[in-house]
Amino acid sequence: MRIVLLGWPLGHSVSPAMHNAAFAEMGLGGWTYEAVPVSPGFFDDKVQELLDAGVSGLQVTVPHKEAVLKHCTAQSAEVESLGAANTLVLVDGQVRAHNTDLPGFVRAWDVAFGQGSLRSARAVVVGAGGAARAVVAALSLGGADQLVLLNRSVERAQALLDDTASLRLASGLQATAEELSDVSFATAVASADAVIQTTSVGMSPHNRALPVHWPTSIPEGLRVLDVIYNPRPTRFLEEAAAKGARTCDGLPMLVEQGALAFELWTGLPAPRGVMTEAASAALAG
Ligand code: ATR
(Lines give C-alpha, C1' and ligand atoms only; values in the text may rest on other atoms or scores of the structure.)
Protein backbone atom coordinates (compact mmCIF):
# COMPACT_ATOMS: atom_id res chain seq x y z
CA MET A 1 0.00 0.00 0.00
CA ARG A 2 1.63 3.18 -1.20
CA ILE A 3 0.84 6.74 -0.10
CA VAL A 4 2.52 9.69 -1.85
CA LEU A 5 2.75 13.34 -0.76
CA LEU A 6 2.95 15.92 -3.58
CA GLY A 7 4.00 19.53 -3.02
CA TRP A 8 6.31 22.26 -4.35
CA PRO A 9 8.72 22.99 -2.91
CA LEU A 10 8.61 20.22 -0.31
CA GLY A 11 11.81 21.02 1.55
CA HIS A 12 12.40 18.77 4.53
CA SER A 13 8.88 17.40 5.09
CA VAL A 14 8.33 15.62 8.40
CA SER A 15 5.25 13.79 7.09
CA PRO A 16 7.11 10.68 5.80
CA ALA A 17 8.74 10.15 9.23
CA MET A 18 5.40 10.70 10.99
CA HIS A 19 3.38 8.33 8.78
CA ASN A 20 5.99 5.59 8.43
CA ALA A 21 6.30 5.53 12.24
CA ALA A 22 2.50 5.20 12.46
CA PHE A 23 2.44 2.32 9.94
CA ALA A 24 5.17 0.50 11.89
CA GLU A 25 3.39 1.07 15.20
CA MET A 26 0.13 -0.40 13.85
CA GLY A 27 1.87 -3.40 12.27
CA LEU A 28 1.14 -2.21 8.71
CA GLY A 29 4.35 -3.63 7.25
CA GLY A 30 3.27 -3.30 3.61
CA TRP A 31 2.43 0.42 3.86
CA THR A 32 4.81 3.20 2.74
CA TYR A 33 4.59 7.01 2.67
CA GLU A 34 6.96 9.01 0.49
CA ALA A 35 7.28 12.70 -0.42
CA VAL A 36 7.64 13.62 -4.09
CA PRO A 37 8.31 17.27 -5.00
CA VAL A 38 6.40 18.21 -8.16
CA SER A 39 6.00 21.67 -9.66
CA PRO A 40 2.59 22.91 -10.90
CA GLY A 41 3.47 22.35 -14.58
CA PHE A 42 4.02 18.62 -13.99
CA PHE A 43 1.33 18.09 -11.36
CA ASP A 44 -1.53 16.69 -13.49
CA ASP A 45 0.70 14.17 -15.28
CA LYS A 46 2.20 13.06 -11.98
CA VAL A 47 -1.22 12.50 -10.37
CA GLN A 48 -2.39 10.51 -13.39
CA GLU A 49 0.78 8.41 -13.33
CA LEU A 50 0.31 7.63 -9.63
CA LEU A 51 -3.39 6.79 -10.08
CA ASP A 52 -2.49 4.44 -12.96
CA ALA A 53 0.20 2.86 -10.79
CA GLY A 54 -2.45 1.96 -8.20
CA VAL A 55 -1.48 4.08 -5.17
CA SER A 56 -3.81 3.73 -2.18
CA GLY A 57 -3.77 7.37 -1.23
CA LEU A 58 -2.30 10.78 -1.89
CA GLN A 59 -1.60 13.83 0.20
CA VAL A 60 -1.23 17.18 -1.48
CA THR A 61 0.14 20.37 -0.03
CA VAL A 62 0.94 23.88 -1.23
CA PRO A 63 0.35 24.82 -4.09
CA HIS A 64 -1.73 21.85 -5.30
CA LYS A 65 -4.70 21.74 -2.90
CA GLU A 66 -7.15 23.26 -5.41
CA ALA A 67 -5.65 21.81 -8.61
CA VAL A 68 -6.05 18.26 -7.33
CA LEU A 69 -9.86 18.47 -7.32
CA LYS A 70 -10.21 17.80 -11.04
CA HIS A 71 -8.77 14.31 -10.47
CA CYS A 72 -11.38 13.42 -7.84
CA THR A 73 -14.68 11.57 -8.33
CA ALA A 74 -16.17 12.47 -4.92
CA GLN A 75 -15.68 15.29 -2.40
CA SER A 76 -16.35 15.51 1.35
CA ALA A 77 -18.51 18.34 2.71
CA GLU A 78 -15.35 20.10 3.95
CA VAL A 79 -13.81 20.02 0.48
CA GLU A 80 -16.99 21.40 -1.04
CA SER A 81 -17.11 24.28 1.42
CA LEU A 82 -13.40 25.11 1.09
CA GLY A 83 -12.68 24.27 -2.55
CA ALA A 84 -9.42 22.64 -1.45
CA ALA A 85 -8.33 19.10 -0.54
CA ASN A 86 -5.22 17.72 1.18
CA THR A 87 -6.03 13.99 1.33
CA LEU A 88 -7.19 11.58 -1.40
CA VAL A 89 -8.43 8.07 -0.75
CA LEU A 90 -8.50 5.59 -3.64
CA VAL A 91 -10.97 2.80 -3.22
CA ASP A 92 -13.10 0.74 -5.65
CA GLY A 93 -12.02 2.89 -8.59
CA GLN A 94 -13.16 6.06 -6.79
CA VAL A 95 -10.88 8.98 -5.98
CA ARG A 96 -12.34 10.61 -2.85
CA ALA A 97 -11.15 14.06 -1.78
CA HIS A 98 -11.01 15.05 1.88
CA ASN A 99 -9.71 18.05 3.77
CA THR A 100 -8.19 17.11 7.12
CA ASP A 101 -6.65 20.58 7.69
CA LEU A 102 -10.04 21.89 8.79
CA PRO A 103 -10.95 19.24 11.41
CA GLY A 104 -7.22 19.05 12.26
CA PHE A 105 -7.32 22.68 13.38
CA VAL A 106 -10.54 22.17 15.39
CA ARG A 107 -9.15 19.10 17.19
CA ALA A 108 -5.80 20.73 17.96
CA TRP A 109 -7.67 23.76 19.35
CA ASP A 110 -9.99 21.58 21.46
CA VAL A 111 -7.09 19.57 22.91
CA ALA A 112 -5.11 22.73 23.75
CA PHE A 113 -7.92 24.94 25.05
CA GLY A 114 -10.88 22.69 25.87
CA GLN A 115 -13.56 20.82 23.94
CA GLY A 116 -15.98 23.15 22.15
CA SER A 117 -14.04 26.27 23.13
CA LEU A 118 -14.34 27.76 19.63
CA ARG A 119 -18.07 28.17 20.29
CA SER A 120 -18.92 31.87 20.67
CA ALA A 121 -15.25 32.81 20.24
CA ARG A 122 -14.27 36.33 19.18
CA ALA A 123 -11.33 35.57 16.96
CA VAL A 124 -8.55 37.51 15.27
CA VAL A 125 -6.93 35.72 12.31
CA VAL A 126 -3.62 37.05 11.00
CA GLY A 127 -3.03 36.19 7.33
CA ALA A 128 -5.31 35.33 4.40
CA GLY A 129 -3.53 32.49 2.54
CA GLY A 130 -4.40 28.80 2.29
CA ALA A 131 -3.95 28.10 5.99
CA ALA A 132 -6.20 31.05 6.90
CA ARG A 133 -8.90 29.68 4.59
CA ALA A 134 -9.07 26.38 6.53
CA VAL A 135 -9.04 28.28 9.84
CA VAL A 136 -11.89 30.63 8.82
CA ALA A 137 -13.99 27.64 7.67
CA ALA A 138 -13.21 25.86 10.96
CA LEU A 139 -14.25 28.95 12.96
CA SER A 140 -17.57 28.98 11.07
CA LEU A 141 -18.23 25.30 11.64
CA GLY A 142 -16.97 25.50 15.25
CA GLY A 143 -19.58 28.16 16.07
CA ALA A 144 -17.34 31.22 16.60
CA ASP A 145 -19.24 34.52 16.91
CA GLN A 146 -16.90 37.14 15.50
CA LEU A 147 -13.87 37.33 13.25
CA VAL A 148 -11.46 40.14 12.45
CA LEU A 149 -9.32 39.04 9.52
CA LEU A 150 -6.06 41.02 9.29
CA ASN A 151 -3.74 40.75 6.30
CA ARG A 152 -0.95 42.75 4.72
CA SER A 153 -3.04 42.83 1.53
CA VAL A 154 -6.56 43.82 2.58
CA GLU A 155 -7.89 42.85 -0.89
CA ARG A 156 -6.83 39.26 -0.30
CA ALA A 157 -8.49 39.26 3.13
CA GLN A 158 -11.71 40.62 1.61
CA ALA A 159 -11.57 37.94 -1.12
CA LEU A 160 -11.30 35.25 1.54
CA LEU A 161 -14.36 36.65 3.31
CA ASP A 162 -16.27 36.81 0.00
CA ASP A 163 -15.38 33.19 -0.80
CA THR A 164 -16.58 31.97 2.59
CA ALA A 165 -19.69 34.20 2.71
CA SER A 166 -22.31 31.45 2.45
CA LEU A 167 -20.55 29.28 5.02
CA ARG A 168 -20.24 32.22 7.45
CA LEU A 169 -23.83 33.30 6.88
CA ALA A 170 -25.12 29.79 7.59
CA SER A 171 -23.19 29.62 10.88
CA GLY A 172 -23.73 33.24 11.94
CA LEU A 173 -20.04 34.24 12.01
CA GLN A 174 -19.75 38.04 11.78
CA ALA A 175 -16.55 39.06 10.00
CA THR A 176 -14.58 42.13 8.93
CA ALA A 177 -11.35 42.42 6.95
CA GLU A 178 -8.67 45.02 7.67
CA GLU A 179 -5.10 45.79 6.77
CA LEU A 180 -2.62 44.25 9.19
CA SER A 181 -0.78 46.82 11.32
CA ASP A 182 0.26 47.12 14.96
CA VAL A 183 -2.69 49.49 15.48
CA SER A 184 -5.35 47.30 13.81
CA PHE A 185 -4.00 44.24 15.65
CA ALA A 186 -4.04 45.98 19.05
CA THR A 187 -7.60 47.21 18.49
CA ALA A 188 -8.83 43.76 17.40
CA VAL A 189 -7.01 41.90 20.20
CA ALA A 190 -8.50 44.20 22.87
CA SER A 191 -11.94 42.67 22.32
CA ALA A 192 -10.89 39.14 21.35
CA ASP A 193 -10.50 35.84 23.19
CA ALA A 194 -8.73 33.93 20.39
CA VAL A 195 -5.84 34.78 18.04
CA ILE A 196 -4.70 32.53 15.19
CA GLN A 197 -1.48 33.32 13.33
CA THR A 198 -1.54 31.75 9.83
CA THR A 199 1.23 33.56 7.91
CA SER A 200 4.67 32.08 7.24
CA VAL A 201 6.37 34.99 9.04
CA GLY A 202 8.63 33.69 11.83
CA MET A 203 9.17 30.29 10.21
CA SER A 204 12.69 28.83 10.30
CA PRO A 205 15.23 30.14 9.32
CA HIS A 206 13.65 33.58 9.95
CA ASN A 207 12.98 32.81 13.61
CA ARG A 208 13.19 36.40 14.86
CA ALA A 209 10.63 37.77 12.37
CA LEU A 210 7.23 38.88 13.66
CA PRO A 211 4.11 39.33 11.49
CA VAL A 212 2.96 42.08 13.89
CA HIS A 213 3.87 43.36 17.38
CA TRP A 214 1.81 42.49 20.44
CA PRO A 215 0.22 45.41 22.29
CA THR A 216 1.55 46.15 25.79
CA SER A 217 -1.33 44.37 27.47
CA ILE A 218 -3.67 41.64 26.25
CA PRO A 219 -7.04 40.39 27.57
CA GLU A 220 -6.84 37.86 30.39
CA GLY A 221 -7.23 34.27 29.24
CA LEU A 222 -6.45 35.06 25.58
CA ARG A 223 -5.82 31.85 23.61
CA VAL A 224 -3.25 32.03 20.83
CA LEU A 225 -2.43 29.41 18.20
CA ASP A 226 0.37 29.76 15.65
CA VAL A 227 0.16 27.30 12.72
CA ILE A 228 3.99 27.33 12.36
CA TYR A 229 5.64 24.18 13.78
CA ASN A 230 9.26 25.10 13.10
CA PRO A 231 10.45 26.69 15.35
CA ARG A 232 8.36 25.65 18.35
CA PRO A 233 7.43 28.10 19.66
CA THR A 234 7.67 31.02 17.27
CA ARG A 235 8.74 34.40 18.61
CA PHE A 236 5.11 35.53 18.15
CA LEU A 237 3.92 32.72 20.46
CA GLU A 238 6.77 33.23 22.94
CA GLU A 239 5.84 36.90 23.34
CA ALA A 240 2.14 36.03 23.73
CA ALA A 241 2.98 33.54 26.51
CA ALA A 242 5.15 36.16 28.23
CA LYS A 243 2.11 38.47 28.31
CA GLY A 244 0.00 35.76 29.96
CA ALA A 245 -1.73 34.13 26.96
CA ARG A 246 -2.44 30.40 26.75
CA THR A 247 -0.61 29.17 23.66
CA CYS A 248 -0.51 26.28 21.19
CA ASP A 249 2.12 25.83 18.47
CA GLY A 250 1.56 24.28 15.02
CA LEU A 251 2.67 20.73 15.78
CA PRO A 252 -0.66 19.42 17.18
CA MET A 253 -2.42 20.68 14.04
CA LEU A 254 0.16 19.01 11.79
CA VAL A 255 -0.19 15.74 13.69
CA GLU A 256 -4.01 15.91 13.72
CA GLN A 257 -4.33 16.48 9.97
CA GLY A 258 -1.96 13.55 9.47
CA ALA A 259 -3.76 11.35 12.00
CA LEU A 260 -7.14 11.97 10.35
CA ALA A 261 -5.63 11.13 6.93
CA PHE A 262 -4.10 7.94 8.38
CA GLU A 263 -7.53 6.91 9.66
CA LEU A 264 -9.14 7.55 6.26
CA TRP A 265 -6.57 5.37 4.46
CA THR A 266 -6.24 2.51 6.94
CA GLY A 267 -9.55 2.48 8.84
CA LEU A 268 -7.50 2.14 12.04
CA PRO A 269 -7.15 4.60 14.95
CA ALA A 270 -4.03 6.72 14.43
CA PRO A 271 -1.27 6.35 17.05
CA ARG A 272 -1.09 10.08 17.78
CA GLY A 273 1.61 9.82 20.46
CA VAL A 274 3.95 7.94 18.13
CA MET A 275 3.20 10.38 15.31
CA THR A 276 3.95 13.37 17.56
CA GLU A 277 7.26 11.84 18.68
CA ALA A 278 8.30 10.98 15.11
CA ALA A 279 7.41 14.48 13.84
CA SER A 280 9.29 16.16 16.74
CA ALA A 281 12.35 13.97 16.14
CA ALA A 282 12.29 14.73 12.39
CA LEU A 283 12.04 18.46 13.14
CA ALA A 284 14.92 18.29 15.60
CA GLY A 285 17.05 16.16 13.27
P1 ATR B 1 -0.29 29.51 3.08
O2 ATR B 1 -1.03 28.75 2.01
O3 ATR B 1 0.75 28.68 3.80
O4 ATR B 1 -1.18 30.23 4.04
P5 ATR B 1 0.24 31.77 1.32
O6 ATR B 1 -0.99 31.47 0.56
O7 ATR B 1 1.46 32.08 0.56
O8 ATR B 1 0.64 30.57 2.29
O9 ATR B 1 -0.10 32.95 2.36
C10 ATR B 1 0.89 33.56 3.08
C11 ATR B 1 0.30 34.56 4.06
O12 ATR B 1 1.38 35.17 4.75
C13 ATR B 1 -0.48 35.70 3.41
O14 ATR B 1 -1.49 36.12 4.29
C15 ATR B 1 0.60 36.78 3.26
O16 ATR B 1 0.12 38.10 3.18
P17 ATR B 1 -0.27 38.72 1.70
O18 ATR B 1 -1.57 38.09 1.31
O19 ATR B 1 -0.41 40.19 1.96
O20 ATR B 1 0.87 38.37 0.78
C21 ATR B 1 1.32 36.58 4.58
N22 ATR B 1 2.67 37.14 4.56
C23 ATR B 1 3.76 36.65 3.92
N24 ATR B 1 4.83 37.43 4.18
C25 ATR B 1 4.42 38.43 5.00
C26 ATR B 1 5.05 39.54 5.64
N27 ATR B 1 6.36 39.78 5.50
N28 ATR B 1 4.30 40.35 6.42
C29 ATR B 1 2.99 40.12 6.60
N30 ATR B 1 2.32 39.08 6.04
C31 ATR B 1 3.03 38.25 5.25
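Everything quoted here is computed from the prediction, not taken from an experiment. Throughout, residues of each chain are indexed from 1 in the direction in which the sequence is written. Selection of residues for local features in this predicted model requires a pLDDT of at least 70, selection of side-chain atom pairs for listing and counting requires 80 or more, and totals for whole chains, interfaces and linings are taken over all residues. Water and hydrogen atoms play no part in the side-chain values, which are based on all heavy atoms of the structure.

What follows covers the pattern of salt bridges. Here the idea is simple: oppositely charged side chains can pair when their charged atoms come close. Between Lys or Arg on one side and Asp or Glu on the other, a salt bridge is scored when a side-chain nitrogen of the former is within 4 Å of a carboxyl oxygen of the latter. Here the structure, examined in full by the defined rule, presents 11 salt bridges. Between K46 and E49 there is a salt bridge; the shortest N-O distance is 3.2 Å. On the criterion of helical spacing, the pair formed by K46 and E49 is a turn pair, its members being 3 residues apart in helix α2 (residues 40-52). The partner of R122 in a salt bridge is D193, with the nearest N and O atoms 3.5 Å apart. Pair noted here: R122 is in strand β7 (residues 122-126) and D193 is in the loop between α8 (182-190) and β10 (194-197), with a separation of 71 residues, a long-range link. One salt-bridge network, in which partners are shared between bridges, spans R122, D193 and R223. Helix numbering and strand numbering both begin at the N terminus, where a helix is a DSSP run of H or I of at least 4 residues and a strand a DSSP run of E of at least 2.

A separate point is the site of the ligand. Nearness here has a simple test: a residue counts as near a molecule or strand if at least one of its heavy atoms is within 4 Å of that partner. Taken together, 13 residues sit near the ligand, with A128, N151, R152, S153 and R156 positioned nearest. Two N or O atoms count as a polar contact when they lie within 3.5 Å, although within protein this holds only if one can serve as hydrogen donor and the other as acceptor, and sequence-adjacent residues are included solely when both atoms are side-chain atoms. One of the backbone nitrogen or oxygen atoms of A128 is found 2.9 Å away from an oxygen atom of the ligand. S153 places a main-chain nitrogen or oxygen 2.9 Å from an oxygen atom of the ligand. When isolated, the ligand has an accessible area of 650 Å², and the protein chains bury 68% of it. Each residue gets one label: Ala, Val, Leu, Ile, Met, Phe, Trp, Tyr, Cys and Pro are nonpolar, Asp, Glu, Lys and Arg are charged, and the others, such as Gly, are polar. When grouped by side-chain class, the residues that make up the shell around the ligand number 3 nonpolar, 8 polar and 2 charged. Per-residue accessibility takes into account occlusion by the displayed protein chains alone, with areas from the Shrake-Rupley method and a 1.4 Å probe.

To continue, consider the sheet that holds strand β11 (residues 223-226). Hydrogen bonds between backbone groups are what pair the strands of a sheet, and the pairing can be parallel or antiparallel. Note on pairing: two strands pair once DSSP finds at least 2 bridges between them. Spatially, 6 strands are ordered β9-β8-β7-β10-β11-β12 in an open sheet, and the strand pairing comes out parallel. Taken across any chain shown, the strands that pair with only one partner, and hence form the sheet edges, are β9 (174-179) and β12 (246-248). Taking each pair of neighbouring strands and ignoring which way they run, the sheet shows an average axis angle of 15°. The sheet contact formed by β7 and strand β8 (residues 146-151) spans 5 bridges and is parallel. Among the inter-strand pairings, A123 is bridged to a residue of β8, identified as L147. Here helix α4 (residues 101-113) sits on the sheet in contact with β10, β11 and β12, set at roughly 140° to β12. Note on method: axes are straight lines fitted to C-alpha atoms, helices fitted across the in-contact stretch only, with angles between N-to-C directions ranging 0 to 180 degrees. Any two residues whose heavy atoms approach within 4.5 Å at even a single point are treated as in contact.

Here we come to the sheet that holds strand β5 (residues 87-91). With respect to topology, 6 strands assemble into an open sheet ordered β2-β1-β3-β5-β6-β4, the strand pairing being mixed. Looking at the sheet topology across the chains shown, the edges are occupied by β2 (32-37) and β4 (74-75). As judged from the 6 bridges shared by strand β1 (residues 2-7) and β2, these two strands associate in the parallel manner. Paired with R2 across the bridge in β2 is T32. Relative to the sheet, α2 contacts β1, β2, β3 (57-60), β5 and β6 (94-98), its axis offset from that of β1 by approximately 180°.

On to unusual backbone geometry, then. Leaving glycine aside, a negative phi is the common case for residues, and trans is the common case for peptide bonds. Each neighbour pair has its own omega, and for N230 with P231 the value is 10°, a cis peptide bond. Tracing the sequence through the fold places P231 in the loop between β11 and α9 (235-242). Here the phi dihedral of D92 falls at roughly 50°; this positive angle occurs in a residue that is not glycine. With a phi close to 65°, S120 is a non-glycine residue in the positive phi region. Turning to its location among the elements, S120 is positioned in the loop between α4 and β7.

What follows deals with the nonpolar core. One recurring pattern in soluble globular proteins is that nonpolar side chains are buried together. Core analysis: the biggest nonpolar cluster contains 33 residues, and F105, L139 and I196 have the highest contact counts within it. Counting residues per element, the ones that place at least two in this core are α4, β7, α5 (130-141), β8, α6 (154-163) and β10. Looking at which element gives the most residues to this core, the answer is α5, with 7 residues. Here, nonpolar core means buried Ala, Val, Leu, Ile, Met, Phe, Trp, Tyr and Cys residues that are tied together by side-chain atoms lying within 4.5 Å of each other. Partly exposed residues are those whose accessible area sits between 20% and 50% of the maximum for their type, while under 20% is buried and over 50% is exposed, using a 1.4 Å probe and protein chains only. One finds V255, A261, A279 and A282 within the second-largest nonpolar core, a separate group that totals 22 residues.

Across its 12 residues, α5 extends 17 Å between first and last C-alpha, which sits within 8% of the 16 Å expected from 1.5 Å per residue. In terms of residue burial, α5 counts as a mostly covered element, since 9 of its 12 residues are buried. Here a helix's expected span is defined as the number of its residues, less one, multiplied by 1.5 Å.

A separate point is the side chain of H19. One can find H19 in helix α1 (residues 15-25). Assessed through its relative accessible area of 0%, H19 is described here as buried. The residues contacting H19, other than those within four sequence positions of it, are Y33, Q59, G258, F262, W265 and M275.

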